[in-house]
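Topology and contacts: notes
Now for the letters of each chain:
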Amino acid sequence: MSIIKIREINFNRKILCSFFGHKIFKTRNVTHHFKEYKCSVCGLELTNDLKGRKTFLTPELKDINETLIHLHQKRHFSL
């Protein structure tokens, strides 16, 4: 499949989400309060911020979530 076709498919998926809204599902629990989400149509990744709103999952937030997972597991499973 050519790069042009791939870009065209991704563009069409983003248009669908802009008209009909994202179909978001939970991909994993970081802690009890923080979760990661993903759109099943366009692949948009989201996470919670400190106020509980959904924000884009950047590489920096991915690292923060990995650290939170590690600290959460260390605290709850080492007791």
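Read on for an overview of the structure. The shown structure was predicted, so the numbers you read here are calculated from the model rather than taken from an experiment.

So, how was this worked out
- Residues numbered from 1 in each chain as written.
- Predicted model: local features only at pLDDT ≥ 70, side-chain atom pairs only at ≥ 80, totals over all residues.
- Heavy atoms only, no water.
- Phe/Tyr/Trp six-rings, centres within 6.5 Å; stacked < 30°, edge-to-face > 60°.
- Lys NZ or Arg CZ within 6 Å of the ring centre and 35° of its normal.
- Pairing = 2+ DSSP bridges.
- Helix = DSSP H or I, 4+ residues; strand = E, 2+ residues; numbered from the N terminus.
- Axes fitted to C-alpha atoms, helices over the stretch in contact; angles between N-to-C directions.
- Salt bridge = Lys/Arg side-chain N within 4 Å of Asp/Glu carboxyl O.
- Buried < 20%, exposed > 50% of the residue type's maximum accessible area, 1.4 Å probe, protein only.
- Patch = residues over 30% accessible without salt bridge, like charges linked within 9 Å, V, L, I, M, F, W, Y side chains within 5 Å.
- Areas by Shrake-Rupley, 256 points an atom, 1.4 Å probe, with all protein chains shown as cover.
- Expected span 1.5 Å × (residues − 1).
- Arc of directions from axis to C-beta.

1. Observations regarding the packing of aromatic side chains
The full count for this structure, using the stated rule, is 0 aromatic pairs. The ring of Tyr 37 is capped by Lys 54, whose NZ or CZ atom sits 4.6 Å from the centre of that ring.

2. Some details on the sheet that holds strand β4 (residues 54-56)
Here we have 4 strands laid out as an open sheet, ordered β1-β2-β3-β4, and antiparallel in their pairing. Edge positions in the sheet fall to β1 (24-29) and β4, since each has one partner strand and no second. With strand direction ignored, the average angle separating the axes of adjacent strands in the sheet is 35°.

3. Side note on the pattern of salt bridges
Across all of its chains, the model carries 4 salt bridges by this definition. Where Glu 36 meets Arg 28, a salt bridge forms, and the shortest distance between an N and an O atom there is 3.2 Å. The class of Arg 28 is partly exposed, set by a relative accessible area of 30%. In the salt-bridge network here, residues are joined through shared partners; they are Arg 28, Glu 36 and Glu 66.

4. Description of a nonpolar patch on the surface
The grouping of Leu 16, Phe 19 and Phe 20 at the surface amounts to a nonpolar patch, some 410 Å² of accessible area in total. Examined against the element boundaries, Phe 20 turns out to sit in helix α1 (residues 3-20).

5. Quick word on helix α2 (residues 59-77)
Helical geometry note: an α-helix holds 3.6 residues per turn, so side chains three or four residues apart project in the same direction. Between its terminal C-alpha atoms α2 stretches 27 Å, which fits the 27 Å expected from 19 residues at 1.5 Å a residue. Those residues of α2 not exposed but buried are Asn 65, Ile 69 and His 72. For α2, the buried positions fall inside an angular range of 75° around the axis, keeping them on one side. Exposed positions of α2 whose direction lies more than 90 degrees from the buried face are Pro 59, Glu 60, Asp 63, Lys 74 and Arg 75.

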